[in-house]
Structure formats: C-alpha cells, structure tokens
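Secondary and tertiary structure notes
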Amino acid sequence: MAERKFLDCDGDTWTEYEPGWLRLTERANGSTMFVGSVVSIEEARDEHGPLTEIRPDVRAQVVADLRAKAARDWPGIGVFLEDIIAVVMGGVDGKPVEG
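Residues numbered from 1 in each chain as written. Predicted model: local features only at pLDDT ≥ 70, side-chain atom pairs only at ≥ 80, totals over all residues. Heavy atoms only, no water.

1. Things to note about the sheet that holds strand S4 (residues 38-40)
Stated formally: We call two strands paired when DSSP finds no fewer than two bridges between them. Secondary structure is summarised from DSSP: a helix means a run of H or I of at least four residues, a strand means a run of E of at least two, and numbering begins at the N terminus for each. Angles here are taken between N-to-C directions and fall from 0 to 180 degrees, while the axes themselves are lines fitted to C-alpha atoms, restricted in helices to the stretch in contact. Here, residues are in contact when the closest pair of their heavy atoms is within 4.5 Å.
Read across the sheet, five strands follow the order S4-S3-S2-S1-S5 without closing on themselves; strand pairing throughout is antiparallel. Each end of this open sheet is capped by a strand with a single partner; those strands are S4 and strand S5 (52-54). Across the sheet, the mean angle separating the axes of adjacent strands is 40 degrees when strand polarity is ignored. Strand contacts of helix H1 (residues 41-48): strand S1 (4-7), strand S2 (13-18), strand S3 (21-26) and S4, with the helix running at about 95 degrees to S4, the strand carrying the most contacts.

What follows is the structure, encoded as structure tokens:
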C-alpha cells in the first residue's frame, strides 16, 4: 500500500501508515513537537480541521518513466520522445488536462 499524505488546516503533514490511522510526520513551522503522534483519521479531521490529500505528481512520474524506458530500450526515439512528453505535461493543445 502506498502511503497517503494529508495537510491539515495548519499546514502540518500527516501520513497514513495503516488504513484509517495517521502519524504526524512534519510540522509546517519546523517544530518537532508532537511529530510522531498517532491519531485516527476522524480524530485528525475533528481536531486539526479539514484534511487535504497530497497527491503525487503523476505527470512527473510518467515523464521520468518514459525517459528511463527510452534510455534503456528506445535509443533511436530522439525528438519524438520530447513530443510525447510535451503532450503528457501540457495536453494535446498545450493545456493540462485535469485528472
């Protein structure tokens, strides 16, 4: 299971280490006070305001994977790879596609 990460209303980072359970992993103000504290996701929502899930940058991962694959298996792809990457990063019309 990939760890999900959340920001609370103070900008602190919580990491889901088991389904439904969060651990405070980073404080927005740089303090280490309470880092490592464990609470249920419901408790975090109740005590620390709404939580916003931090989603990984999927497009950046796709680009990194394409570059690695090209370096290993597609030596002659050349400029065509950059065209593919441009579509991944900016959409067909140069505008990012949501989702």
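2. Some remarks on the pattern of salt bridges
To keep things clear, this is the line we draw: The term salt bridge refers to a side-chain nitrogen of Lys or Arg lying within 4 Å of a carboxyl oxygen of Asp or Glu. Each residue is placed in one exposure class: buried if its accessible area under a 1.4 Å probe, protein chains only, is under 20% of its type's maximum, exposed if it is over 50%, and partly exposed if it falls in between.
On inspection of all chains with the given rule, the structure shows seven salt bridges. Linking Glu82 and Arg67 is a salt bridge whose minimum nitrogen-to-oxygen distance equals 2.9 Å. Residue Glu82 is located in helix H3 (residues 79-90), and its partner Arg67 is located in helix H2 (residues 58-73); the two are separated by 15 residues in the primary sequence. Across the pair Arg72 and Asp73 runs a salt bridge, and its minimum N-O distance is 3.1 Å. A relative accessible area of 61% places Arg72 in the exposed class. Beyond isolated ion pairs, a larger network of salt bridges with shared partners links Arg4, Glu16, Glu53 and Arg55.

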